[in-house]
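Report on the structure
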Amino acid sequence: EAGVAQSPRYKIIEKRQSVAFWCNPISGHATLYWYQQILGQGPKLLIQFQNNGVVDDSQLPKDRFSAERLKGVDSTLKIQPAKLEDSAVYLCASSFAYEQYFGPGTRLTVT
Amino acid sequence: KNEVEQSPQNLTAQEGEFITINCSYSVGISALHWLQQHPGGGIVSLFMLSSGKKKHGRLIATINIQEKHSSLHITASHPRDSAVYICAVSRPGYSGGGADGLTFGKGTHLIIQP
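Residues numbered from 1 in each chain as written. Chains lettered and ligands numbered in written order. Predicted model: local features only at pLDDT ≥ 70, side-chain atom pairs only at ≥ 80, totals over all residues. Heavy atoms only, no water.

Brief notes about the pattern of salt bridges
Selection rule: Whenever Lys or Arg places a side-chain nitrogen within 4 Å of a carboxyl oxygen from Asp or Glu, that contact is recorded as a salt bridge. Strands here are runs of E lasting at least two residues and helices are runs of H or I lasting at least four, both read from the DSSP assignment and numbered beginning at the N terminus. To sort residues, take the accessible area from a 1.4 Å probe on protein chains only and compare it with the maximum for the residue type: under 20% means buried, over 50% means exposed, and anything in between is partly exposed.
This model, assessed by the stated rule, comprises 3 salt bridges over all chains. Asp86(A) is the partner of Arg64(A) in a salt bridge, and the nearest nitrogen-oxygen pair spans 2.5 Å. With Arg64(A) in the loop between strand E6 (53–56) and strand E7 (65–68) and Asp86(A) in the loop between strand E8 (75–79) and strand E9 (88–95), this residue pair connects regions lying 22 residues apart in the sequence. The class of Arg64(A) is buried, set by a relative accessible area of 11%. According to the relative accessible area criterion, Asp86(A) is buried, its value standing at 3%. Between Arg58(B) and Asp81(B) there is a salt bridge, with its nearest N and O atoms 2.9 Å apart. Of this pair, Arg58(B) sits in the loop between strand E6 (52–56) and strand E7 (59–64) while Asp81(B) sits in the loop between strand E8 (69–74) and strand E9 (83–90), and the two are 23 residues apart along the sequence. A residue is classified by how much of its surface remains accessible, and Asp81(B), at 7% relative accessible area, is buried.

Some thoughts on the pairing of strand E5 (residues 44–50) of chain A
All names here are of chain A. Definition in use: By this definition, two strands are paired if DSSP reports at least two bridges between them.
Burial runs high along E5: 5 of the 7 residues are buried. Across 6 bridges, the pairing between strand E4 (residues 31–37) and E5 is antiparallel. Considered in E5, the bridge of Tyr35 is made with Leu45. In this structure, E5 lies alongside E6, joined through 3 bridges in antiparallel fashion. Pairing of Gln48 across the sheet is with Asp56, part of E6. Between E5 and the antiparallel strand that follows it, E6, lie 2 residues; Asn51 among them carries a positive phi value of about 55°.

Right under this line is the structure:
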């Protein structure tokens, strides 16, 4: 079974630029999550999708972050404009029942 | 105060030692998860439990719902067990069913020396 795929794996941008991350969940997994993990901390949930609908985006900084999951499969997370404090690993996870499967993450550095 | 607290934050031990990592939480949960994260690697789920005890190989996880506390034990530790171990909880009724977004602790950085 193929795992959760994410791209790119690494991204370096300057502050105020825009960036987008892509996630392809495990086939058949209805629930998809985006987490932000700042160095030295545990991941923080940004947004949760159930199929193509948003279940929870209470911790998503909506003034600069946006996410979509068209057709209930792949998802993209966008940051526009980026700030220095957005430097982190962005993890995508998917689940069918209660266990979550994580992708390798995208490491974002904002300079 | 964080909703999920882990201790210790860092732990260095010798190969073969019995390891215990603790997790306390302050909110109602539907399940507690133990996950493993290797440097530069993704996160792997080790256990999901809502009561009692689970065992997988040399790993044992326990939870006490009344005390809102869980422990992860590693028996006969080995250098390949070196990783960050993360405790996370899912909240009941958060998404109306299914798998809920997790609230994570900060992790315990474990180093097992040969």
